[in-house]
Structures are given as structure tokens and as C-alpha cells.
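Chain by chain, the residues:
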Amino acid sequence: MNKTHPGGILAAYQHVDAAAAAIKALKAKGYRDVTVYTPVPNVEIAQAVGHKVSPVRLWTLLGGLLGCASGFALTLWMSYDWPLVVGGKPVGSVIPYVVIAFELTILFGAGATILGLLFHSWRTRQAGAYDGRFTDDQIGIFVACPVERRPAVEELLRHSGAVEVRVET
Amino acid sequence: MATIAEPQRTAPQQPTYHEITRDVVATLGRPSRTYFVLLAVVLVVLALGAFALLWQIRWGLGVAGYTPPVLWGVYITTFVFWVGIAHSGTLISAILYLFRSAWRTSVYRTAEVMTVFAVLTAGLFPLIHVGRIWYAYWLFPYPNQRQLWVNFKSPLLWDVFAVSTYLTVSTLFLIVGLVPDVAAVREKATGWRRKLYEVTSLGWRGTDQQWRHYIRAYLYLAALATPLVLSVHSVVSWDFAMSIVPGWHATIFAPYFVAGAIYSGVAMVVTLLVPLRKVFKVERYITVDHFENLSKLLLLTGLIVGYAYAVEYFIAWYSGNPFEQASFYNRAFGEYWWATWTMIICNGFLPLLLFFRKVRRSIPALFVLSLFVNLGMWFERFVIIVVSLSFEYEPYAMGHYTPTWVEWSILAGSFAWFFLWFLLFAKNFPMVSITEVKEIIPMPRKARPGT
Amino acid sequence: MSLGIPNDELLRRSANAPARGMLLLGALLAVLGLGLFVALVTGDDPGRAWRLFHVNFLFFTGIALGATVFAATQKITKGVWSGPIIRFAEASVAFLPVAVVCFLVLFLGREEVFPWIEHPTPARGQWLTVSWVFWRDLVALLALLVVAVAFVYTDVKPDVAELRGQVTGWKRILYDRIAAGYSGMPADQEKLERRLSRLAVALCVMYAWLFSLIAFDLVMSLAPYWISNLFGAFFFMGAVLTGLTMLGLMMVYWRRRLGMRDVIGRQQFHDLGKLIFGFSVFWAYLVFSQLLVIWYGNLREETSFVFYRLWGDWQPISIMVGLMVFLIPFWGLIWVKSKVTAFTFTLFVLISLLGVWLERYLLVQPSLTEHAPQIGLPEIGISLGFLGLFLLAYGLFARTFPMVSPRLTAQAEATGHH
């Protein structure tokens, strides 16, 4: 929060298609440092920004596999570490250990997903000006740019149907 | 079936995004006097439950009504009941999410909150049940002086893993769903509330990068929660099915318990939503259509439960095993016949009323029905646990179990514990998802939607 | 979004699906397979032929019912995405009359199939007698046939009315007949939809109950003392899985034959792939639920059935079943890419379908014979014969009725589900 904001232009939009068009126009002009705020996830915006699929899925998969492996490892190792025959079953019984392995698959998978979410959100964090309206009903676009290019960006955003454009320093 | 007015056709225009934020934020306003009265009642009942628990800790499990061979009684029954209640929340929030059901958006938060607090309540009961509550941590595998590990072949231990995984994952899922909502509320809040939301929204701003990772993570969490919800009540059912007690040793137990769990949970969602939508004035978002969908879920799971009852009785007879046959005869016509018939009528027959559209669309009727289903499902667990144990193989070892005031007080206390959390949560965090309700309404566009 | 091919063209093809190839292949396989069956039954090991007959009767009846029930669930849950492909599932209803005939044929071979005829199981009393079992299961099958046919008929009716202009000759007469009382007015439509959803609910409920009965009577009873009260549900869920996988294969086939590449798109592959994936996992869950309880309880009358199949001669088959129905489709269909690519989709779906056939074989065969598994000409030939019968029935449906529903396709289009 204490990070110093880069200066730039902040625009608010009412309409999703206008915002998407503005993003495309900015990208065509070569502006890379664009942050878009939306109250809900939106396919049109995501396409305009042009993201690849989030790598979080890899975390889920690896977490799940790790959980499954540790479930079997934990149960089998603990069984043989102090072998006791209980209820006439083999010391290490794979059939019931499936239950533990399954639960740990889910637990680790979910945990890893959260970690992945936090990690990638942190890595791709965008610092910029912000307005409370963007979690309510408006779409925000923040373009970080040096002072000399601001008039051009301001012009572009204003013409693309922004309801408000302001310069943030 | 008579045609009655279709609310979705006469419903007012779709709310705008701004109205949604406004209406949901309004639910977090200053609580009314009724709220405090309810809170006071809940605290009194909770105090009673706590007193009974302390009494039991002081004097030992003897103060409960256990009579050998019935050493699993109301506590285990209530444990299963609360774990079961939790299940529908995950069904609505995760499984219906995967099926892209639009109607779930306005009810899922309540269901999910119910899930977390129901598991939180259920988790108390194994501790209460073991008696020496201060040794409860023995349930977990940790390196210890005795150099012993826990017995992974015991279904009770599977329960430890299943229930703790369930509590963790459903809490995470709830929090992840809450973050964008809290951010929306943050912008409207003042004072200490604003501080609270600033911290709990974890810096959410709804940037394109945040959403990009968020929607994926949410999808995978839902995909993980779906098999989890099947497994948890299956594991609970295996606490019983693993032993060879007549009436317990049945392969159908796992899916049967899962269906029963969702059934009781949906009933509880209805029980909670009916007053909630009135008090919070969110009738615009939680409409009769939502109740109709919930009642269809209720009907579906009720039919599965009815099927399982019938198959259980049929196979008990078909098996030709005299113990199995006697156990089921005892359920219906033995000392506990009233419990069995409560369960059969409430769970097997009453939901058949939901075949009528009029019942499905009548909120008072559904509310009453949901109470009966809750009652019936508690008794189902009572019948399975207590009645089976009281009537095993050998007549000299049969016993009759009657719960004492201690069990009843702790049971009442568990409801108070659940409602305490629910009430506190409901006034501090949005009970209707702001983000997801918005999501099903397309964002405003300048141009008409293209072809 | 528009259709890639002109709408009229699709309508014409839909009402005149090219089914000749399917019919010819079906007839050929049916004649060869059934010829082989007759030869074997009159030969020196009729038991082997009859057992295979039983396995295939169960398997293909399961496919036909499972697919129709899936269509019914789509009506109940208002799943619009399946609109363009739903008829490929419903067409399998044409096999049900054949299934009833097969059941009657099975009566001739009852002594070879049902061990309790020769050695009655005292514990089951009067429940397992020839007349009582055959009568009640015949009634059950007929009841399912009637409701399933009524359901599909009701769903086909508006399409027949709409496509009347596309057909000529005997089909025109038939179409006019069917559409006679149907005007297509909104009131009529609404009435029809209501009827359809009631039939769908009735079909699903009856299927669960009656197919469980059939599972208990025709499969569980083969092992005289074995009981598992989940078995009915396990059996009918497996049948739904085969219905879905059959639908998957038919979807790939008809998509090419009817030139529907634009109507049946990524969405259908993805959703059907997810469903098959989900059902595979559910199948494994139901297997595990039974295995765990039986293994843990360790009671002889329950374990003998399972252990006989898990260890010894039948172990390879058991492992194959586990791989083909669960593990291979699980790792195959977990990826989005493999679900939406026609080749991999077909591959894994086919493996699953064959896996469930093997599972049915594994449920029936070891109960009836002490032989190790035999896979030879009789097994393959009789199974292909049944496949022929299935394709014949399916092809007849395809030749007669519209294979794509214009109204359901339009619904799916309207919500962008393709």
C-alpha cells in the first residue's frame, strides 16, 4: 500500500464494450503498462487485455499429486515404523489408506491452489491509481506513462467513451 | 397442476450493478432489536450447553445416558447430523458452480457459510464424545513419547482427516469467494468496519491480473471440493459400515449417507433462507424461483434416500441372514419404532409432496417441510446408530439407551453455537454474493449485442 | 453466431440422415453373430454361448436405457448445451424392443444361466423361482420400454412436425400421422414440454428402481450367497456411463456424416467429456465403496465374490477393468485439450465403453463357470452380433426420424452453447 504510485492516467467507463475498445486501442499504440479494474470477471476485457490461461492450474495438479504421494507415504511408513497387526488386517493395507491419500490429495491440492493464487497475484501485482467505484459498477483503466505522453493518452481515453478521465501524479 | 402466476415474468427489471452493491451493503447496517434478542437467546442456550459439557467433564461420561452396548448415542448422532448439514453448502457452491447453474449465485454464500459453521459445530462432537477432552489431540499423528502412531486402519481416523480437510477447504473456499465482495463493501464502509474490510479484502482491487488468476483458482477449488464432499460423508458412513453390526455393514452406506447429507443440508438452507430474505429485505435476489430449485434438489435427494431405505430393507430380507432381518424388524416394530417411523415419514414420504408445483413454489409450505426433514434426518442417524447398537447378535447384550438432560442440553447448545456464528457473520459480511449476483447480469454495453 | 452450413441444408439432412451404411453393417454383424450363436448353442458347449448372450443382453440394454435416461436428465435439468446431440442418445431407444425379445430368448437358455434353477438357494425362498423372476423382470422391462418410447416419441414429435416438408414417400405419410394432432402453437408447445418433463421424471425414477431390480435378479442372483445392497445403483450408474460413451461415439460419427462441424462444437465435446470423466470417477467411487466395506467386514459370503475376481485367474480382467473404466479415461480426459480434440475424445470414450463391457463380463462369467477367462471366437462373435442388432435398431431409427432437432439446436444456439 505504501508503494509509490507511478503517475499516469485513470479513466472510468460505464460500458464494457467501450472499455474493451479502449484497451485494444492502447495496446495497438504500444502501451504495455495498462491496468484494468472490473467489478466482475469479464471475458471481453480479458480477451482485450490478451492474457494467457493462468498458471495456477499447475499448482493445483502438483499439490494434488504431492498430497496423494504423501498420503500413501505417511500411512505406510507409520504402519511399518511400529508394525502392529490390528483387526487381522495386513500391517500396511493399501485399500483403507486410499481414504487418507485421497483426503490429503484434496487438502494439498486446495492449499497449493491458494498458494498459487497468492503467488501469481503478488508477482503480477499492478500498482496504480484506483477508485472505489471499480468494485461497484464501473470499469477502470489506468495507464502508467511519463508526463510527456499523457495528453495523447488522455485524448484517446476521452474519445473512447470514458465517463471520467483524470491525471494521477 | 394448476397454473399460477409466474413471478419471473412479472418480476421487475434486472437490478443494476449499483443497486446490487447498495442492497447488499444495506444488509450490513445497524442491527435491529430482534437481532439482539435472538443473540441473547442463542447465548443463553449456549451457556446451558456449555454448563452441561462442563458437568460431563467434571463427573465423567456416566452422566450421559450410555447403557452398554449402546456407547454411541446422541453425540455421534449429532456429529453425523451436523456434518451432513454442511454438505449441501458445498454442493450449491462448488458442484452447481461446475454445472454453471445461474440460480446458485444468490443463495450460495448463505449455504457456504452454513457449511463452515456446521463443520465447526460437528467438529466439537467427537471431542465431547471421547470424554477426556483434554486428550483429543491424540487423534492426530505426531511423534510422541510412546513411539506409537495412530491406527490408520481405523475409520475414526479417516474421519479426523476427512473432517479437518473439509473444514480447511470449505473455509478457504468461503474466503476466496468473499474477497471481491469484501472489497466492494470496503468502499462503502466507515470507521472500524472499514479497517476490518481493508484487512480482510487482502488488497483486492479487481485488476485484470487478479481476476485472471482468481477465476482459475476458484474453478479448481470447486473441482476439488466436489469429490471432497462425496468423500466426507462416505467416510462418516464408513465409521459404521466397517463393523459387522447388523444394520451397519452395508455397501450402500456411502452414497446413501451422501444423499442424506445433501438432503438435510438443503432443508437447512431453506430453513435459514426463509427468515434471512425477509430480515435482510433481499426478496428481489432470493426469489420463489430459487426456492423452487432448492426444492427440486430436496426432492431428488429425498428420492435417493427413499430408494436407499427400500433397498436396505429389501436386501436385509433377501440376505436370509437372521441377524440382519431381526435388526430391521426391530427398527420398525421394536422399542424405538417411533424414531424409525419419524424418519421414514419425514424423509421418505413428505418430500413426495414436492412433486406438486404448488408446494415447490410456496415458501411457507417449504419452510415447514424443511423443518420436518431436519427432524427426520436427525432421527435417521439416531435410528442407524442407537437402534442398531441396542439390538445386536446376542440377546443378553441388548440394552436400551435413553439420553439424559446432559445430551439434550449439549444438542441444544450445538444449535446455539451454530446460530451464534451464523448471526455474527451475517451482520458483518455479505450473505448474498455481490460479485456473483452481478456476474449473471451482463455488463452494460454501448452498442447492442453483436450478432 | 451463424451456422456454418445453410440452415435449410441442415434441416434436410437431419430428416434424411444417411443410415444405409450403419444398417448394412448392422445387418451383416447381426446375421453372422447370431448365426454363430445358434451354431454354438446347438453345439457341445451351449453354456458358453448362453453366458455371452446374457452379458451382451445386459450390456446393450444398459446402453439403450442409459442413453435415454441421460436424455431425460437433460430435460429435467434444462441442459440446453446437449440440444444438438440429444437425438443421438435418444435413438438408442430403438434397441429396447430388441432387448425385450432377447430377454424372452434368454428364457430358453435359463438352465444354462441361472444356477438357482438347478440348486435353489434356500435363503431366498420363493423370490428366486423361474416364473416369478421372469414375469417380474419382463414387466419391468416392458414398463421401461413403454415410458422410454413415450418419452422419445414426445420429444421427436415437434421436430417431425417441423420437418414434414423435408421428406417424401412413406416417411411423409408417417410424419403427417405423427404430427397430426400437433399444431406447433405456443399452447401446444407448452403442453408438450410439460408432458415431456413429466415423462422424463417418470423415466428416471422408474429406471433407478427397475434397473436395480434387474441387476439384483439377473446379475446378483448368479452368485447364490453374495449380497451387496449398492449393487443395483452401481449397475445402473455403469449403464448410464455406457449410454454417455455410446453417445460420445455417435456424436463423433454423426458430426461427420451430417456435416455438423459447426453445430456440434467445442462446447459439446467439452461438456460430454466432463460428464464422462465425472461418471468414470463416480464409477470408481461406487466400486471402492463396495470393495472397502466387503474387504473390511471380511465375511466369507461377501468376500468370496470379490476375492475370486481380484486374485487368481480373473485378476488380469479385473485390472483391465480398473484401467479401462477409471484410470485411463481419468488421465485421458482430465485435460481440456484431450476432451475437445475429436481423436483423443473418441479414443478414451471407446476405451471406457469396452471397459464397461469387460466389467459386465467380469460380473457374470466367474459366477457361472470355473473356467479361467476365455476370449475367443464365441465371445467376440456373439458380442459383435449384438453390436449388429444394436446398430440395426439404431440405424432404423436414424433412417426414419430426424436425427437433429431443429428446435433444440436453435435453443442451444440462442444461449451460445456450441
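The structure displayed is predicted, hence computed values, not measured ones.

## With respect to the overall build of chain B
- Helix and strand content of chain B: 17 helices and zero strands.
- Whereas a compact globule of 451 residues would reach a radius of gyration of roughly 22 Å, chain B reaches 23 Å, a difference of no more than 12%.
- Seen through its principal axes, chain B has C-alpha atoms that stretch 80 × 60 × 40 Å.
- Across the 451 residues in chain B, those meeting the buried criterion constitute 60%.
- Put simply, of all contacts in chain B between residues at least 6 apart along the chain, 82% involve residues at least 24 apart.
- Surface accessibility of chain B: about 17800 Å² in total, with carbon and sulfur atoms responsible for 70%.
- Charged side chains of chain B number 35 positive and 22 negative; the gap between the two group centres comes to 11 Å.

## A short note on the sheet that holds strand β3 (residues 139-144) of chain A
All names here are of chain A.
- What the four strands build is an open sheet, ordered β2-β3-β1-β4; its pairing is antiparallel. A single partner strand is all that each edge strand has here, and the edge strands are β2 (34-37) and β4 (164-168). This sheet shows a mean twist of 15 degrees between the axes of neighbouring strands, independent of strand direction.
- In this structure, β2 lies alongside β3, joined through four bridges in antiparallel fashion.

## A closer look at the packing of helix α4 (residues 74-98) of chain B against helix α5 (residues 108-122) of chain B
Residues and elements named next belong to chain B.
- It is the contact of α4 with α5, at a shortest axis distance of 7 Å, that shows an interaxial angle of 155 degrees. With respect to α5, the element α4 is oriented roughly antiparallel. Pair α4 / α5 crosses with left-handed handedness. Here F79, W82, V83, I85, A86, S88, G89, T90, I92 and S93 of α4 lie close against α5, whose contacting residues are Y108, A111, E112, M114, T115, A118, V119, T121 and A122.

## Digging into the nonpolar core
- The biggest cluster of nonpolar side chains holds 346 residues, and the ones touching the most others in it are A:L157, B:W238, C:F88 and C:W254.
- Two domains each put at least three residues into this core: domain 1 (8-50 + 133-168) and domain 2 (56-123) of chain A.
- Setting aside residues no more than four positions away along its own chain, A:L157 makes contact with A:I9, A:A11, A:Y13, A:A22, A:L26, A:V143, A:A162 and A:V165.
- Listed in part, the eight residues of the second largest apolar core include A:L10, A:A129, A:Y130 and A:A144.

## Description of the interface of chain A and chain B
- The interface of chain A with chain B comprises 64 residues on the first partner and 52 residues on the second.
- For the pair chain A and chain B, the summed buried surface comes to about 5300 Å²; carbon and sulfur atoms form 68% of the total.
- When residues of chain A are sorted by the area they lose upon contact with chain B, A:P41, A:E103 and A:D136 head the list and together hold 11% of the total.
- Summed over the shared surface of chain A and chain B, the result is two salt bridges.
- The closest approach of N and O atoms between A:E44 and B:R445, which form a salt bridge, is 2.8 Å.
- Elements with a minimum of two residues in the side of chain A that touches chain B: α1 (16-29), β2, α2 (43-49), α3 (56-81) and α4 (94-123) of chain A.
- In terms of residues, the side of chain A that touches chain B owes the most to one element, α4(A), which gives 16 residues.
- Its residues placed into classes, the side of chain A that touches chain B shows 33 nonpolar, 22 polar and nine charged.

## As for the packing of aromatic side chains
Residue and element names in this part refer to chain C.
- Taken as a whole and assessed by the stated rule, the structure comprises 101 aromatic pairs over all chains.
- Between W357 and Y361, the aromatic rings sit 5.4 Å apart at their centres with planes inclined by 10 degrees, giving stacked as the arrangement. With W357 and Y361 both in helix α16 (residues 342-368) and four residues apart, this pair spans about one turn of that helix. For the pair W357 and Y361, a shared accessibility class is recorded, and that class is buried.

## A word on the pattern of salt bridges
All names here are of chain C.
- Using the criterion set out here, one finds 35 salt bridges over all chains in the structure.
- A salt bridge links R87 to E90, with the shortest nitrogen-to-oxygen separation between them at 2.7 Å. Here R87 pairs with E90, and both are found in helix α4 (residues 86-90), just three residues apart, close to one helical turn.
- For E90, a relative accessible area of 0% puts it in the buried group.
- A single salt-bridge network, built from bridges that share partners, covers K75, R87, E90, D155, D159, E193 and R407.

## Overview of the interface of chain B and chain C
- Counting residues at the interface gives 34 residues for chain B and 39 residues for chain C.
- Ranking the residues of chain B by area buried against chain C places B:T251, B:Y307 and B:Y318 at the top, with a combined share of 26%.
- Of the charged contacts in the structure, one is a salt bridge between C:D271 and B:R100, with a shortest N-O distance of 2.8 Å.
- Among the secondary structure elements, those contributing two or more residues to the side of chain B that touches chain C are α7 (155-186), α9 (208-241), α10 (253-279) and α11 (288-319) of chain B.
- Examining the composition of the side of chain B that touches chain C, we find that twelve residues originate from one element, α11(B), more than from any other.
- The class makeup of the residues in the side of chain B that touches chain C is 22 nonpolar, eight polar and four charged.

## Looking at α1(A)
Residues and elements named next belong to chain A.
- Under the 1.5 Å per step criterion, the end-to-end length of α1 is 20 Å for 14 residues, consistent within 8% with the ideal 20 Å.
- Looking only at α1, the buried set comprises V16, D17, A18, A19, A20, A22, I23 and L26.
- The secondary structure elements touched by the buried residues of α1 are β1 (8-13), β2, α2, β3 and α5 (150-159).
- Of the residues trailing α1, G30 is marked for its positive phi of about 95 degrees.

## Topic: the environment of C:W132
Residues and elements named next belong to chain C.
- Structurally, W132 can be placed in helix α8 (residues 130-162).
- Looking at W132, the relative accessible area reads 41%, which means it is partly exposed.
- A C-alpha to C-alpha distance of 28 Å links W132 and L389, two positions 257 residues apart in sequence.
- Each residue touching W132, except ones within four places of it in the same chain, is listed here: Q126 and W127.

## Describing the side chain of C:S383
Residues and elements named next belong to chain C.
- Examined against the element boundaries, S383 turns out to sit in helix α17 (residues 377-400).
- Among the polar contacts made by the side chain of S383, one reaches the main-chain carbonyl oxygen of E379 at a distance of 2.7 Å.
- Residue contacts for S383: discarding those within four places in its chain leaves L52, N56, F60 and W357.

## Some details on the domain arrangement of chain A
- Annotation of chain A at the domain level lists domain 1 (8-50 + 133-168) and domain 2 (56-123).
- Domain 1 of chain A and domain 2 of chain A are separated by 45 Å when their C-alpha centres are compared.

## A few points about unusual backbone geometry
- In the segment running from B:P68 into B:P69, the intervening peptide bond is cis, with an omega of 5 degrees.
- In this fold, B:P69 is placed in the loop between α3 (33-59) and α4.
- Phi at B:R100 is positive, roughly 55 degrees, even though this residue is not glycine.
- Non-glycine residue C:N298 carries a positive phi angle of around 55 degrees.
- Tracing the sequence through the fold places C:N298 in the loop between α12 (266-297) and α13 (300-310).

## Re α13(C)
Residues and elements named next belong to chain C.
- For α13, every residue scored as buried is listed here: E302, T303, F305, V306 and R309. Burial along α13 is one-sided: seen end-on, the buried residues are contained in an arc of 155 degrees.
- Buried residues along α13 sit in contact with α12, α14 (315-333) and α16.
- Once α13 finishes, G312 follows within two positions and takes phi at roughly 95 degrees, a positive value.

## Topic: the pairing of β3(A)
Residue and element names in this part refer to chain A.
- The element β3 is largely enclosed, with a buried count of six among its six residues.
- Going residue by residue along β3, you find I139, I141 and V143 tucked away on one face and G140, F142 and A144 tucked away on the opposite face as well.
- Pairing geometry for β1 and β3, over six bridges, is antiparallel. Across the sheet, L10 pairs through a bridge with F142, a residue of β3.

## Topic: the packing of α4(B) against α9(B)
All names here are of chain B.
- Where α4 contacts α9, the axes come no closer than 9 Å and their chain directions differ by 150 degrees. In terms of orientation, α4 and α9 fall into the roughly antiparallel class. As for the relative orientation of α4 and α9, their crossing is left-handed in sense.
- A breakdown of the residues in the contact of α4 with α9 according to their chemical character gives 18 nonpolar, five polar and one charged.

About the criteria used
- Residues numbered from 1 in each chain as written.
- Chains lettered and ligands numbered in written order.
- Predicted model: local features only at pLDDT ≥ 70, side-chain atom pairs only at ≥ 80, totals over all residues.
- Heavy atoms only, no water.
- Helix = DSSP H or I, 4+ residues; strand = E, 2+ residues; numbered from the N terminus.
- Rg over C-alpha atoms; globule rule 2.2 N^0.38 Å.
- Buried < 20%, exposed > 50% of the residue type's maximum accessible area, 1.4 Å probe, protein only.
- Contact = heavy atoms within 4.5 Å.
- Areas by Shrake-Rupley, 256 points an atom, 1.4 Å probe, with all protein chains shown as cover.
- Lys, Arg positive; Asp, Glu negative; His and termini not counted.
- Charge placed at Lys NZ, Arg CZ, Asp CG, Glu CD.
- Pairing = 2+ DSSP bridges.
- Axes fitted to C-alpha atoms, helices over the stretch in contact; angles between N-to-C directions.
- Parallel < 35°, antiparallel > 145°, perpendicular 65-115°, else oblique.
- Left-handed = near helix turned anticlockwise from the far one by under 90°.
- Core = buried A, V, L, I, M, F, W, Y, C linked by side-chain atoms within 4.5 Å.
- Domains from an automatic or database assignment.
- Buried area = accessible area lost by both parts, 1.4 Å probe.
- Salt bridge = Lys/Arg side-chain N within 4 Å of Asp/Glu carboxyl O.
- Nonpolar A, V, L, I, M, F, W, Y, C, P; charged D, E, K, R; others polar.
- Phe/Tyr/Trp six-rings, centres within 6.5 Å; stacked < 30°, edge-to-face > 60°.
- Expected span 1.5 Å × (residues − 1).
- Polar contact = N/O pair within 3.5 Å; in protein donor to acceptor, adjacent residues only side chain to side chain.
- Arc of directions from axis to C-beta.

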